[in-house]
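Below, each chain spelled out in residue letters.
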Amino acid sequence: MPKHYRPPGKKKEGNAARYITRSQAVKHLQVSLPVFRRLCILKGIFPREPKKKVKGNHHTYYHTKDILFLKHEPLLEKFRDIRAYDRKVKKALSKKNRDLAERLLTRKPDYTLDMLIRERYPSFIDALRDLDDCLTMIHLFAALPAVEREKIQVKRIHNCRRLSHEWQAYISRTHKLRKTFISVKGIYYQVEVEGQKVTWLTPHALQQVVPEGVDYNIMLTFLEFYETLLAFVNFKLYHSINVKYPPILDPRLEALAADLYALARFIDANSKVPALESQSVSSSGSEQAEAQQKGSELDESELRLAQLQHQLPSNEPGVLMHLMENASGEEEDDEETRECKALFKNTKFFLSREVPRESMLFVIPAFGGVVSWEGEGAPFDESDQSITHQIVDRPTQGRRFLSREYVQPQWVYDSVNARIILPVEEYLVGRVPPPHLSPFVDNEAEGYVPEYAETIRRLQVAARKEVLPMPGLGKEDLDDPQNLLAEGIISRTEAIEAAEKKQKMSFLQKQYLDELKMELNGVQYSAGSSANKQNSAEETKAGEESLPESQQDADDAANLSTVLMSRKKRKLLEAMEIGKKRKKDHVGLLKERKKNIEAKKSG
């Protein structure tokens with residue numbers, strides 16, 4: 001008998017016990033393959049790659065614990081009930097009993113994914129971390145057309161649009177948008193919510209084509225989970241700023257496809273509700289009685305809608321841009337949020353009809369600007385003289401107003417990424433705009449800095465009134481002015497000491513030459529020594545009093561670069577100078593040796 005022989009039916013060990021193939025899992029759960037895929041997507045269970053594939057490389061493996069986890073899932077029983085009910089409806093229709101079929105459809109069992117959301121995301125931060133794919137998928141389906149053969153229903157499309165607009169309205173209201181970039185695939189956005197960076201992709205506002213060869217059943221299963229997740233996140237975020245959820249929109253704006261603008265108006269109206277309630281408390285008893293009679297006549301939803309329409313006139317300008325006013329219970333904004341809020345604070349935009357309106361209505365209010373568009377339901381008209389910028393995306397602009405600048409849409413996105421209002425000369429109508437740089441690329445890490453990135457950096461430094469470091473000097477050398485001053489004083493002292501030492505050496509050399517001349521002329525050293533000493537003392541004293549002005553200027557110019565250097569760089573420069581001096585002395589020594597050899601040969 002082999003050493004590792006195990007009789008059939010005994011317990012397995014190793015990878016054979018830890019992993020199970022997909023066909024075995026489907027057989028164990030007694031479900032069909034589509035239902036198994038749907039359960040795995042909703043529960044967040046994915047295939048695994050074992051080190052040793054017992055059944056072969058052509059199988060898909062899952063953890064055995066994950067499959068046992070699915071076995072006790074309540075959704076599994078719900079799917080079985082739904083399947084049984086579908087069979088009953090199909091049987092009634094085949095018998096042409098339409099009354100029974102309709103009665104069965106009204107009592108069809110339904111399920112929710114609320115428990116799955118709480119199970120997969122124990123904290124709100126966990127949900128925010130996993131929001132990238134969720135937002136991308138929902139924005140994608142919000143732009144797709146309804147296709148019955150692919151089971152893409154109109155109701156799902158409208159729900160995706162509603163969820164995406166609710167998310168954008170919150171981001172725009174709280175000024176959480178940080179980066180944006182236009183690409184061929186669509187528009188990338190990055191926000192920062194409660195310390196978590198969330199990035200997603202929004203398709204361009206064009207006619208979307210539904211490609212063939214895509215399994216939309218799997219995508220719709222993901223979408224089902226993501227819809228529930230984003231609804232929970234929006235609910236939490238709206239309640240964090242004291243706004244009721246779900247919002248009730250102005251039906252006139254909703255009919256004009258201005259959902260995002262209507263959401264912003266709803267948030268602004270709800271932020272003023274506490275103030276209105278405090279006023280109603282202080283009113284007289286008769287007024288309260290009348291209000292109670294009116295409230296009994298209307299339902300709660302109709303009352304909220306009436307309040308909304310009463311508080312906000314149909315053409316109220318600037319309501320999108322003052323969303324932070326009168327909000328209660330909000331935390332103080334950080335420095336980056338205040339910077340984003342004040343970027344377009346004193347600017348007023350008007351969008352031409354060819355400009356992507358939804359993207360501009362999301363980006364411009366997120367940075368404190370006031371925006372309107374061409375069409376019904378707009379806050380103000382094109383003829384408003386207070387408009388500062390008009391966004392145009394056409395080769396020429398016929399009608400012009402002198403009170404505003406006509407710029408291309410790229411100017412808005414570049415200004416947002418640079419956090420400064422860029423000059424509009426490069427973005428005027430009819431000109432080729434500068435390159436649209438991605439804010440998600442680190443130029444220094446890539447090793448290449450575009451020319452326009454350097455231009456934007458200089459504009460940022462000028463706007464913030466900072467000082468650029470000199471060539472060869474790092475920014476860290478300018479951070480501590482005390483170290484810079486100390487190093488400057490040390491360099492100045494060393495320069496003065498070197499100048500004094502050089503002057504003394506030149507004086508001693510001159511004195512030695514004078515003594516040699518006196519010996520050659522036959523003058524006694526004792527006779528002329530007193531006079532020489534007196535003259536030398538006077539010269540030394542005069543030299544020590546002050547350096548000549550020209551020499552002082554030259555020394556200052558020579559030491560200017562070394563004063564601004566860090567100690568490490570200055571020591572390196574001194575080492576280089578010492579090396580140069582040694583090389584020069586060596587060359588001079590070789591020349592002297594050559595002269596001596598030539599003199600010996602000639603002698």
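For the structure itself, look to the data block above.
Novice: Please set out the overall build of the protein residue by residue, giving values where relevant.
Specialist: Counting its regular elements, the protein contains 26 helices and nine strands. Put simply, the protein has 603 residues, and 35% of those count as buried. Of all intrachain contacts in the protein linking residues separated by at least 6 positions in sequence, the fraction that spans at least 24 positions is 65%. Summed over all atoms, the accessible surface of the protein reaches about 38400 Å², with 53% contributed by carbon and sulfur.

Novice: Explain the sheet that holds strand β7 (residues 370–373) to me, and be specific about the residues and the numbers.
Specialist: Pairing is parallel in the open sheet, where four strands are placed in the order β7-β6-β8-β9. The open sheet has two free edges, formed respectively by β7 and β9 (405–407), since each of these has just one partner strand. With strand direction ignored, the average angle separating the axes of adjacent strands in the sheet is 25°. Sheet topology note: the strand β6 (residues 348–351)/β7 ladder contains four bridges and is parallel. From the neighbouring strand, phenylalanine 349 faces β7, where its bridge partner is valine 371. Sheet strands in contact with helix α18 (residues 357–366) are β6, β7 and β8 (389–391), and its direction is about 165° off that of β7. Together, β6, β8 and β9 form the strand contacts of helix α19 (residues 409–418), whose direction differs from that of β8 by roughly 115°.

Novice: Hey, could you go over unusual backbone geometry for me, with residue numbers and the actual values?
Specialist: Backbone torsion omega between tyrosine 245 and proline 246 reads 0°, so that peptide bond is classified as cis. Positive phi outside glycine occurs at lysine 96, with the angle close to 60°. The residue lysine 96 is located in the loop between α5 (74–94) and α6 (98–106) in this model. The phi dihedral of lysine 151 falls on the positive side, at around 60°, and the residue is not glycine. Mapped onto the secondary structure, lysine 151 falls in the loop between α9 (132–143) and α10 (154–174).

Novice: So what about the layout of surface pockets? Which residues, and what values?
Specialist: By volume, the largest pocket is sized at about 1600 Å³. Forming the walls of the largest pocket are 37 residues, and the residues nearest its centre are Arg38, Phe79, Ile82, Tyr111 and Glu224. Those elements giving two or more residues to the lining of the largest pocket turn out to be α3 (33–43), α5, α10 and α11 (216–240). Residues of the lining of the largest pocket, tallied by class, amount to 13 nonpolar, eight polar and 16 charged.

Novice: Mind laying out the packing of aromatic side chains, listing which residues take part and the relevant values?
Specialist: In this structure the tally under the stated criterion is 16 aromatic pairs. With centroids separated by 6.5 Å and ring planes inclined at 65°, the aromatic side chains of tyrosine 188 and phenylalanine 440 adopt a geometry described as edge-to-face. Here tyrosine 188, found in strand β4 (residues 187–193), pairs with phenylalanine 440, found in the loop between α19 and α20 (443–446); they are 252 residues apart in sequence, far enough to count as distant. Since its relative accessible area comes to 24%, tyrosine 188 is described here as partly exposed. By way of ring pairs, the aromatic residues Tyr121, Phe222, Phe225 and Tyr226 are connected into one cluster. Cation over ring: lysine 348 sits above phenylalanine 380, and NZ or CZ is 4.4 Å from the ring centre.

Novice: Talk me through the nonpolar core; I want residue IDs and the actual numbers.
Specialist: In this structure, Phe36, Leu131 and Trp167 are the most contacted members of the largest nonpolar core, which totals 93 residues. Sort the elements by how many residues they give to this core and α11 lands first, with ten residues. Not counting residues up to four positions away in its chain, the partners in contact with tryptophan 167 are Leu131, Leu135, His139, Val191, Val193, Trp200, Leu230, Val233, Asn234 and Leu237. Grouped together as the second largest cluster of nonpolar side chains are five residues, Tyr85, Val89, Ala101 and Leu104 included.

Novice: Please provide a residue-by-residue account of the packing of helix α2 (residues 22–29) against helix α4 (residues 64–71), values included.
Specialist: The angle between the axes and the distance between the axes are what describe a pair of packed helices. The geometry of α2 relative to α4 is characterised by a closest axis approach of 10 Å and an angle of 25° between their N-to-C directions. By the angle between their directions, the pair α2 and α4 is classed as roughly parallel. Considering only the axes of α2 and α4, their crossing is right-handed. Two secondary-structure elements touch here, α2 through Ala25, His28 and Leu29 and α4 through Ile67, Leu68, Leu70 and Lys71.

Parameters and conventions
Residues numbered from 1 in each chain as written. Predicted model: local features only at pLDDT ≥ 70, side-chain atom pairs only at ≥ 80, totals over all residues. Heavy atoms only, no water. Helix = DSSP H or I, 4+ residues; strand = E, 2+ residues; numbered from the N terminus. Buried < 20%, exposed > 50% of the residue type's maximum accessible area, 1.4 Å probe, protein only. Contact = heavy atoms within 4.5 Å. Areas by Shrake-Rupley, 256 points an atom, 1.4 Å probe, with all protein chains shown as cover. Pairing = 2+ DSSP bridges. Axes fitted to C-alpha atoms, helices over the stretch in contact; angles between N-to-C directions. 1 Å grid on protein atoms, 1.4 Å probe; cavity = no way out; pocket = protein on both sides within 12 Å on 5 of 7 lines; lining within 4 Å. Points joined across faces, edges and corners; volume = space filled by probe spheres on them. Nonpolar A, V, L, I, M, F, W, Y, C, P; charged D, E, K, R; others polar. Phe/Tyr/Trp six-rings, centres within 6.5 Å; stacked < 30°, edge-to-face > 60°. Lys NZ or Arg CZ within 6 Å of the ring centre and 35° of its normal. Core = buried A, V, L, I, M, F, W, Y, C linked by side-chain atoms within 4.5 Å. Parallel < 35°, antiparallel > 145°, perpendicular 65-115°, else oblique. Left-handed = near helix turned anticlockwise from the far one by under 90°.

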